[in-house]
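Next come the chains, spelled out residue by residue.
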Amino acid sequence: MASPEETLQLNGAKEEDQEKKKKKEEKAREKELKKLKAAQKAEAAKAQAGKGSQPSKKAEQKAAKKAAEDENQEQYQDPPTPLGEKKRLAPEMAKAYNPSAVEAAWYEWWEKSGFFIADATSKKPPFVIVLPPPNVTGALHIGHGLTSSIEDTIIRWRRMSGYNALWVPGMDHAGIATQVVVEKKLMRERGLTRHDLGREQFMAEVWKWKDEYGGKILNQERRLGASLDWSRECFTMDDKRSKAVTEAFVRLYKEGLIYRDHRLVNWDCILRTAISDIEVDYIDIKGRTLLKVPGYKSTVEFGVLTSFAYPLEEDLGEIVVATTRPETMLGDTAIAVHPADQRYLHLHNKFAIHPFNRRKLPIICDAELVDPNFGTGAVKITPAHDPNDFLVGKRHNLEFINIFSDDGMINSNGGKEFQGLKRFDARATVIEALKSKGLYRGAENNEMRLGTCSRSDDIVEPMVKPQWFVNCSDMGREACEVVEDGRLEIIPKQFEADWFRWMRNIRDWCISRQLWWGHRVPAWYVTLEDDDIKAFGVYVDHWVVGRNEVEALTEAGTKFPGKKYHIEQDPDVLDTWFSSGLFPFSVMCWPEDTVDMKTFYPTSLLETGHDIIFFWVARMVMLGMKLTGEVPFKQVYLHPMVRDAHGRKMSKSLGNVIDPLEVINGITLEDLHKRLEQGNLDRNELDLAKAGQKQDFPNGIAECGTDALRFSLVAYTAQSDKINLDIQRVVGYRHWCNKLWNAIRFAMLNLGTDFLPSENLDVQSLPCGCKWILSVLNKAISKTVTAMEVYDFSSATSAVYSWWQYQLCDVFIEIIKPVMSADDNNSTSASVKRVTRDTLWICLDNGLRLLHPFMPFVTEELWQRLPQRLGDTSRKESIMISDYPTVVEEWTDDEIESQMVLIESSVRSIRSLRMAYLLLPKQRPEAFLLCKTDEVATVVENGATEICTLASLASLKVLRESDVPPVGCAVNIVNEHLSVYLLLRGIVDARLELSKLEKKKEELIRQQEAVTKKMNIPGYRDKVPANIQEDNLSKLNKLMAELSIVEEANENFEKLLADSS
């Protein structure tokens, strides 16, 4: 005979994994059953109305009750709360959760109370995160929403867990983005360029714009409940951060890590500046494609490989090359072939002749670049305008000829015939000129990647420019070592491979930008009185670096003793990523040796999207180690990128961009369309975007509130490197908030106004249900904390949700309802009720604190309503500074949990029978449990009350193997030791139900045939819009599912009819 533990564990292991799936299936079946019953009820109501009957007494009572409630609405409405004061709550809880009402006033009180501020003198262990500084021009998008939700969840959890938690807010000056915004504003409002104003006045305009419009995004962070330490808010161009930037540049320069050189950079001809790699977006082109390019009236052709011939000297014929950028041939300085290519052995050390300027182009051998099996095996080399050609030019000491001006026009190096043409206009002109000389050899489609500037949409032009660079070789190697030896942990671990690959192949970093808004390069050019050429920047060795002009003059005097000179500061500014790379320690006021620097640096965690691991995370690690001697954070958590529900990247042109505030507040479809219309989409893009919105949000977006959005985003992090965000899931969590609300309402009604939680609870004397809920609460706490420790947010949210939903609400609250309604005059009932109330209070107090980091607003509101222990001095003023729940060993009871697994399995089996036979909730049949072992019989006998309550039974009788169940029962097998029998005789009229089901079946078949007929008309797939096709397919699947349920119910009633006869 099996022991109780063996019997129960066998089922428990299987059922725990399938519990959620079963519940979803049950709910789906219940939904369809409700529809069937609703239809029957509607028919009955219609028949009753036809009789012209007078309102029933029950209806009159209901109307009177509603009228009384309407008169007492003030009891349910929160009174106004003065800004910054603790929220004033209504005397009574509203009957339904309202996110906008719940989320009002709490944040202002938290902030004013100083709950977010970390104490640099505290003895608590520090836990520090710096918020990835959003752009000053930015508006809140769903990526910010994910970042804020994750980081605030972590920081609230750590704060409640006894840490001196610091979360530092900051804002990035966003050099290019901000300058573009202000320049457009100047042109739109005053018809002026920045050059019309001059540098000093333009900078004043930018600061004015920043103070007036910039930084709204940080205020929007407050809507997300972000518990940032606003007392430490900083801006990358404020005085302290600017001092840090200058200090970093000077130190790195003096160590020989910053240098000036002519190198190939990504050049934006619209913005007239070099841009960083991260500011380059790539378009994959499959073949000939016409694209809009800023500054051009007509579209420009890309994705075409043009072949042409270079004539060879000494009448050796010609050599054919191919390019996707024919205009760059004006800057060609060589032709490369593979040294082993037999076709070109006779051309080694020979020359081709440029057809337009007669320049001699050497035929060079380069095995590293040339693939003899691709094309003609000959490659044109333009060292000044191609990354690969630049390296070839360095290897072979070729001439570097820049043919473009800063604004993308052909300069004098391109020849008089082409000078002054825009680069893509020159493309067509060059091709025509080649044709006229008989050198054009044709064109064909060619797959390619085209780089565009993310700020201006201009086509990026590789150009050789004098720039400031950081030598990253040694710093990159050290950044690999700290990951290898465990000083820095990258989570998820899968990104380590990317880290090593990039760091081991790192290139020097171009840190100068040809802008005015930003940190000006602290370098001065020294012009000597006896210099032959007085032009700015001509001599590479004439630069000096200093923290200010006085220091620069001193450096110049040391470098050029006895010389007469004057100095002029470099007009360029530093790459925004340079200042943000210092952020983890510049926010602590480095290079000053501050208390914050001593207490909070290195920081604990860097949390950000995996898309900027190289451009920001890597640079913070390199600069932090070089300038402070320490890794700036111990761990890096890289979150997924947010996509739409279909897995598509969010794009304005698709209409699938989701604004977190629109999810929080709700928005109509009409207003979603209006947002699109305010953008700069063309008519075709606008129509496409509107269609996308209509398909995804036909009724707009319902008001979900901050808590539901946060919880869903954090729960979504299990989806590897991408999150396919379905707004309906957020709506689902908003409904779940209502479930929490109702759980507390139930508690408040049943605890009573005079309830005071007991000081101590004798767990061993508690009823089984109370023991069980405390034991599974322990498990939920343990799972949540364990998951949070390793940043497994999906498992953490699952543990919290499962306990609240499936154990507290679905089971415990249901099984204690009879206890709560029992007669207080009975001493036994009163005693059980008292300990049950205490248990319920403990569950709600711990459960709300467990949930708080994920859902801060609703948990604060509900926690504040819980009764307090008399004279409890340990209770904190706010849930956010209360202790996070910890496991209480006394609560753990594995035996009770095992028994409850069997009880819940029995309930599910009975509920399955109820659904199969379409029983209404008010129908309470008798049930019989046939047990094959004494151990199982004991468990179900002890849990009979719970089973009756949860399964809505009139009575429950335990049968032994020798007993025979009565006739007219439906049966379901729980496991090999237990079966349930539901007595339906006298409750269900099988013949009547079969008749109803037959009519329902006929109606479903008719509807199914109608939809199928529509879908089978000729040309349906080609002519009918995709969204209508999807709707029809959805209807058909729904009808088939309903038909399956009806057919299954039909079989059940036929079986019951046969068994009863």
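These figures come from a predicted structure and were not determined experimentally.

Rules and cut-offs
Numbers given for residues are sequential positions, taken from 1 along each chain in its written order. Two thresholds apply to this predicted model, a pLDDT of at least 70 for residue-level local features and 80 or more for giving and counting side-chain atom pairs, whereas whole-chain, interface and lining totals are computed over all residues. Side-chain numbers here rest on the full set of heavy atoms in the structure, without hydrogens or water. Here, a salt bridge means any Lys or Arg side-chain nitrogen found within 4 Å of an Asp or Glu carboxyl oxygen. Secondary structure elements are defined from DSSP: runs of H or I of at least 4 residues count as helices, runs of E of at least 2 residues count as strands, and each element is numbered from the N terminus. A 1.4 Å probe rolled over the protein chains alone gives each residue an accessible area, and that area as a share of the maximum for its type sets the label: buried under 20%, exposed over 50%, partly exposed in between. Think of it this way: DSSP has to see at least two bridges between two strands before they count as a pair. Note on definitions: angles span 0 to 180 degrees between N-to-C directions of axes, and those axes are lines fitted to C-alpha atoms, for helices only across the stretch in contact. Two rings from Phe, Tyr or Trp (for Trp, the six-membered ring) form a pair when their centres are within 6.5 Å of each other. A pair whose planes differ by under 30 degrees is stacked, one over 60 is edge-to-face, and the rest are tilted. Charges are assigned to positions over rings by a cutoff of 6 Å between ring centre and Lys NZ or Arg CZ, combined with an angular limit of 35 degrees from the ring normal. Side-chain atoms within 4.5 Å are what join buried Ala, Val, Leu, Ile, Met, Phe, Trp, Tyr and Cys residues into a set we call a nonpolar core. Any two residues whose heavy atoms approach within 4.5 Å are treated as being in contact. When two cysteine sulfur atoms are found within 2.5 Å, that pair is recorded as a disulfide. By definition, pLDDT measures how confident the predictor is in each residue, and it falls between 0 and 100. Small angles under 35 degrees read as roughly parallel and large ones over 145 as roughly antiparallel, with 65 to 115 read as roughly perpendicular and the rest as oblique. We call a crossing left-handed when the near helix sits turned anticlockwise from the far one by less than a right angle, and right-handed when that turn is clockwise. By the convention adopted, Pro, Cys, Tyr, Trp, Phe, Met, Ile, Leu, Val and Ala count as nonpolar, Lys, Arg, Asp and Glu as charged, and the other residues, Gly among them, as polar.

Can you help me understand the pattern of salt bridges in this one?
Pairing between side chains of opposite charge can happen when their charged atoms approach one another. Tallying each qualifying case throughout the model produces 57 salt bridges. Among the ionic pairs, E861 bridges to K87, the shortest N-O distance being 2.7 Å. Of this pair, E861 sits in helix α28 (residues 856–865) while K87 sits in the loop between α2 (57–71) and α3 (99–102); the two residues are 774 residues apart in sequence, bridging distant segments of the chain. K87 matches E861 in its accessibility class, with the two residues each being buried. The partner of R648 in a salt bridge is D696, and the shortest N-O contact between them spans 3.7 Å. One end of the pair, R648, is in the loop between β28 (641–644) and α20 (660–665); the other, D696, is in helix α22 (residues 683–696), with 48 residues separating them in the sequence. Owing to a relative accessible area of 30%, R648 belongs among the partly exposed residues under this scheme.

Looking at this structure, how should I read the sheet that holds strand β15 (residues 378–381)?
Sheet strands pair by backbone hydrogen bonding; their relative direction is either parallel or antiparallel. Taken together, four strands build an open sheet; the order of strands is β13-β14-β12-β15 and the sheet is mixed. The open sheet has two free edges, formed respectively by β13 (351–353) and β15, since each of these has just one partner strand. Pairwise comparison of adjacent strand axes, ignoring direction, gives a mean angle of 30° for this sheet. Here β13 runs beside strand β14 (residues 360–365); their pairing, made up of three bridges, is antiparallel. Each bridged residue has a counterpart across the sheet, and for I353 the counterpart in β14 is K360.

Any chance you could explain the packing of aromatic side chains here in plain terms?
Here the distance between the centres and the angle between the planes together describe a pair of aromatic rings. According to the stated counting rule, one finds 38 aromatic pairs in the structure shown. For the pair Y97 and W741, a centre-to-centre distance of 6.3 Å together with 55° between the ring planes defines the contact as tilted. Note that Y97 is positioned in the loop between α2 and α3 and W741 in helix α24 (residues 727–751), a separation of 644 residues in sequence. Cluster of aromatic residues (ring-pair linked, three or more members): F249, Y253, W468, Y525, F536 and W543. Here the basic side chain of K422 rests over the ring of Y296, its NZ or CZ set 5.0 Å away from the ring centre.

Just to check I follow, could you spell out the nonpolar core for this structure?
Generally speaking, soluble globular proteins have nonpolar side chains that are buried together. Of all hydrophobic cores here, the largest spans 169 residues; its most connected members are L725 and W804. Ignoring anything within four residues of it in the chain, the contact list for W804 reads W736, L740, A743, C809, L844, G847, L848 and L851. Listed in part, the 66 residues of the second largest apolar core include A244, L257, V482 and V617.

Is there a simple way to think about the state of the cysteines in this case?
By definition, a disulfide is the covalent link that joins the sulfur atoms of two cysteine residues. Applying the stated rule across the entire model yields zero disulfides. With no disulfide of its own, C931 has C948 as its nearest cysteine by sulfur position, at a separation of 13 Å. Residue class for C931 comes out buried when judged on its relative accessible area of 1%.

Quick question: what am I supposed to make of the confidence of the model for the protein chain here?
Note: predicted coordinates in regions of low pLDDT should not be interpreted at a detailed level. The pLDDT averaged across the protein chain works out to 89; a share of 93% of its residues lies at or above 70. Confidence drops under a pLDDT of 50 for residues 1–17, and excluding neighbours within four residues, the segment shows 22 contacts in the predicted structure.

Explain the packing of helix α23 (residues 705–715) against α24 here, please?
Relative orientation and spacing of two packed helices are given, respectively, by the angle between their axes and the distance between those axes. At a minimum axis distance of 8 Å, the contact between α23 and α24 shows a crossing angle of 125°. What the angle tells us is that α23 and α24 run oblique. Here α23 runs over α24; the crossing is right-handed. Note on element contacts: α24 touches α23 through R729, V730, Y733, R734, W736 and C737, opposite D707, A708, L709, F711, S712 and A715. The residue makeup of the contact of α23 with α24, split by class, is eight nonpolar, one polar and three charged.

Would you mind showing me how to read the pairing of strand β22 (residues 523–528) here?
Two faces, one strand: in a regular strand the side chains alternate between the faces of the sheet. Counted residue by residue, β22 has six buried out of six residues, so it is predominantly covered. A two-sided burial pattern is seen for β22, the buried positions comprising A523, Y525 and T527 on one face and W524, V526 and L528 on the other. With three bridges connecting them, β22 and strand β23 (residues 543–545) associate as antiparallel partners. From the neighbouring strand, A523 faces β23, where its bridge partner is V545.

Honestly, unusual backbone geometry in this entry has me stumped. Any pointers?
Residues apart from glycine generally show negative phi values, whereas peptide bonds are mostly found in trans. Backbone torsion omega between I491 and P492 reads -5°, so that peptide bond is classified as cis. On the secondary structure map, P492 appears in the loop between β19 (489–491) and α14 (496–504). The amide bond that connects Y601 to the next residue, P602, takes the cis arrangement and shows omega of 0°. The backbone phi angle of E314 is positive, close to 60°, even though this residue is not glycine. When you line up the elements, E314 lands in the loop between β10 (304–311) and β11 (318–323). For E314, a relative accessible area of 52% gives the class exposed.

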